[in-house]
Each structure stands twice: as structure tokens, then as C-alpha cells.
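# Remarks on the overall topology
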Amino acid sequence: MVKHKRKAGKSTIIAVSGTPGTGKTMLSKSLALALNGKRIDCTKLIREKKLYQAYDKQRKCFIVDINAFKRAINQIIQENNAKKQPKTLIIDSHMSHFLHTNLIDLVIITTCNIKELGKRLKKRGYSETKIRENLDAEIFDTCCIEANEQGHTVLKLDLSKINQKTIKTTITKVKASLDKTN
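A few points on the structure. (Residues numbered from 1 in each chain as written. Predicted model: local features only at pLDDT ≥ 70, side-chain atom pairs only at ≥ 80, totals over all residues. Heavy atoms only, no water.)

## Comments concerning unusual backbone geometry
A positive phi is found at Asn-36, a non-glycine position, where the angle reads about 50°. Within the element layout of this structure, Asn-36 appears in the loop between helix H1 (24-34) and strand E2 (38-41). With phi around 55°, Asp-141 is a residue other than glycine that occupies positive phi space. Mapping Asp-141 onto the fold places it in the loop between helix H5 (128-139) and helix H6 (142-150). (Helix = DSSP H or I, 4+ residues; strand = E, 2+ residues; numbered from the N terminus.)

Spelled out as C-alpha cells, the structure:
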């Protein structure tokens, strides 16, 4: 794992990644509030900036241009740092762990019990094929493995049960991990 000190005046960048339905957005919103930071909604960003190559009708999702995505996030980070005010940015995307290690202080990988994840994805209206693909990604720990292969500092969090107590405990763990990396 790459450990690096944040330069004075630079933003703290947290990438929240994981299989769809594991709690990334809920955690990202909670972290933004707790850390007085800004959440970057990458789903919205991808649509608004047209950071995709095509639309997959079968899976009902955009096929993201990962290089365009990386450039857009880099630009947001640079603009934030140019304000010369340290601020925490939380990048909410199942692809955020693909960002360069020099940009990210901490990658949080959200996980979820398979049975609970299946319920969440079904509630979202995902097709059986899409549910199976996402359950397989969770079973094989794909996002965590990819984040580690990239060389990120990784904090893995199980968000199978989401309530006020688990959110508070999770935020405490994130703060402790950030203290270790900075």
C-alpha cells in the first residue's frame, strides 16, 4: 500500500467504491456531513459531462469512458485545491478506486452480506442478470482487489446493517484511517 502525506493546503480526497448496492452513497453523504466535505456524485457527473461511450440497453446503464472520467475528477480536484482551502472531497463511484494513487488519500470499499445485497438490488429493479453480475463481483471482492492492485490505502467496511450506530462507528473508523495516512 502506498502511504503518503497530504501537502499543506491540499484537499483530503476519499474515494468510496464497492459493488452497487453496498452503501456507497449513504456513506458518502454521511462522510460529507461529518467531515464538512463535499460529495462528488459521479453518476450525475457522468451524465452531465457525457463521460460515457454508449448506453447498454440490456444492463440499463452507461458504459463509462474511464479516461474521460479520470480527467473530469482530476479537474475537480485541481479546481478545489486552487481555492487554497483544505477541504475533504468524497468521490462516490464504484469506479473511484481506478483513480491514480497520487490523488487519493484513502479508498473505502463498502461491502454487504450477499443475501442483503440481493434484496437491495432487487428493490432497485435490477434484472436477474445484473443482480447475478453484481453478486459475483461482491463474492469475488472485485473492487477491493482492484483497489489493492492499484496500490491504494484501503479501508474495507461492511455496511450490511445500516443504522445510526453503524454510521457513527463507520465515521470513527474513517477518521482514524485518515489520521494514519496524513
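## Focus: the environment of Leu-157
Along the chain, the position of Leu-157 falls in strand E7 (residues 154-158). Of the residues examined, Leu-157 reaches a relative accessible area of 4% and is grouped as buried. It is 9.6 Å that separates the C-alpha atoms of Leu-157 and Gly-23, two residues lying 134 residues apart in sequence. With sequence-adjacent residues up to four places away left out, Leu-157 is seen in contact with Leu-27, Ile-108, Ile-109, Thr-110, Thr-111, Thr-170, Lys-173 and Val-174. (Buried < 20%, exposed > 50% of the residue type's maximum accessible area, 1.4 Å probe, protein only. Contact = heavy atoms within 4.5 Å.)

## Focus: H1
Those residues of H1 that sit buried are Lys-24, Leu-27, Ser-28, Ser-30, Leu-31 and Ala-32. The inward-facing, buried residues of H1 contact strand E1 (12-18), E2, strand E5 (88-92), strand E6 (106-111), E7 and helix H7 (164-181). Of the residues one or two after H1, Asn-36 is the one with positive phi, at around 50°.

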